[in-house]
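# Residue-level structural notes
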Amino acid sequence: MTDGVERTVVVAGAVCHEGRLLAARRTAPAALAGRWELPGGKVEPGESPEHALTRELREELGIETEPLERLPGEWQLNGRLVLRAWEVRLLKGEAQPLQDHDAVRWLTSEQAFDVDWLEQDIPFVRDVVARLRSYMLGNRDL
Ligand SMILES: Nc1nc2c([nH]c(=O)n2[C@H]2C[C@H](O)[C@@H](COP(=O)(O)OP(=O)(O)OP(=O)(O)O)O2)c(=O)[nH]1
């Protein structure tokens, strides 16, 4: 998907389950390998961001998910790519690094910053951590 100024949207999923956030470690490109991200990928032409996210999470991690709300903000990755993130519910499956990643971790809010996130993901992770804390206090479903 491109937006009004012909930028390709990269969708990233903050998959939350039982008070934990899913993080995935990238294997490529070399500059990003070893860094942790919210898994996802590029939206294809004619595809909705929510569909792209569900597709990418299925392909890369083998999980069935449901995108919930978009997290506030966006990050311009370069002149052509813009990163947006969604809170996502896990429906089925056990996340495994099938493609593009070599490790996954389910992080509690206390562990959320134990991994080396891509810088551009940190504002989204902060937002999700606040949501996880709310879940742990019983004020939220997810
Ligand atoms: N998936 C994902 N990509 C991110 C995040 N943060 C971030 O800077 N990126 C960058 C890395 C890549 O340059 C780009 C997404 O590319 P990708 O390689 O995940 O996309 P894709 O699965 O559709 O791969 P491809 O078709 O280009 O091979 O966005 C993030 O949290 N998740």
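Residues numbered from 1 in each chain as written. Predicted model: local features only at pLDDT ≥ 70, side-chain atom pairs only at ≥ 80, totals over all residues. Heavy atoms only, no water.

### Remarks on the overall build of the protein chain
- Each helix and strand in the protein chain was counted, giving two helices and eight strands.
- Listed by position from the N terminus, the elements making up the protein chain come as β-β-β-β-α-β-β-β-β-α.
- For 142 residues, the compact-globule estimate of 2.2 N^0.38 gives 14 Å, and the protein chain sits close to it at 14 Å.
- Buried residues in the protein chain amount to 46% of all 142 residues.
- Counting only contacts in the protein chain whose residues sit at least 6 apart along the sequence, the fraction spanning at least 24 positions is 68%.
- As displayed, the protein chain has an accessible area near 7200 Å², and 48% of this comes from carbon and sulfur atoms. (Helix = DSSP H or I, 4+ residues; strand = E, 2+ residues; numbered from the N terminus. Rg over C-alpha atoms; globule rule 2.2 N^0.38 Å. Buried < 20%, exposed > 50% of the residue type's maximum accessible area, 1.4 Å probe, protein only. Contact = heavy atoms within 4.5 Å. Areas by Shrake-Rupley, 256 points an atom, 1.4 Å probe, with all protein chains shown as cover.)

### Comments concerning the site of the ligand
- Near the ligand you find 17 residues, and of these E37, L38, K42, Q120 and D121 are the closest.
- Between a nitrogen atom of the ligand and a main-chain N or O atom of L38, the distance comes to 2.7 Å.
- At a separation of 3.3 Å, an oxygen atom of the ligand approaches a polar side-chain atom of E56.
- Taking 620 Å² as the accessible area of the ligand by itself, protein coverage stands at 74%.
- When contributions to the shell around the ligand are tallied by element, the ones reaching two or more residues are β1 (8-17), β4 (40-42) and α1 (49-61).
- For the shell around the ligand, the element with the highest residue contribution is β4, accounting for three residues. (Near = heavy atom within 4 Å. Polar contact = N/O pair within 3.5 Å; in protein donor to acceptor, adjacent residues only side chain to side chain.)

### Concerning the UniProt feature "domain: Nudix hydrolase" (unreviewed entry) in the protein chain
- Under the feature "domain: Nudix hydrolase" (unreviewed entry), the UniProt entry names residues 6-134.
- Taken end to end, residues 6-134 has its terminal C-alpha atoms 37 Å apart, with 20% of it in helix and 39% in strand. (UniProt positions renumbered as here; feature names shortened; annotations may be inferred.)

### Topic: α1
- For α1, which comprises 13 residues, the first-to-last C-alpha distance of 18 Å matches the rise-based estimate of 18 Å (1.5 Å per residue) to within 8%.
- Residues of α1 that are buried make contact with β1, β2 (20-26), β4, β5 (64-70), β7 (81-92) and β8 (101-107).
- Following α1 by one or two positions, G62 adopts a phi angle in the positive range, close to 70 degrees. (Expected span 1.5 Å × (residues − 1).)

### Focus on the side chain of R84
- Mapped onto the fold, R84 is located in strand β7.
- With relative accessibility at 12%, the residue R84 sits in the buried group.
- A polar contact is formed between the side chain of R84 and the side chain of E74, at a distance of 2.8 Å.

### Some details on helix α2 (residues 122-136)
- With 15 residues, α2 should reach 21 Å at 1.5 Å per residue; the first-to-last C-alpha distance of 21 Å fits that figure.
- Listed in full, the buried residues belonging to α2 are F124, V125, V128, V129, R131 and L132. In a view along the axis of α2, the buried residues occupy a sector of 165 degrees, so they form one face of it.
- The positive-phi residue at the C-terminal boundary of α2 is G138, with phi of around 80 degrees. (Arc of directions from axis to C-beta.)

### What about the confidence of the model for the protein chain?
- When the pLDDT values of the protein chain are averaged, the result is 94; 96% of them are 70 or greater.
- Under the prediction, the complex receives an ipTM of 0.92, its pTM being 0.93. (pLDDT = per-residue confidence, 0-100.)

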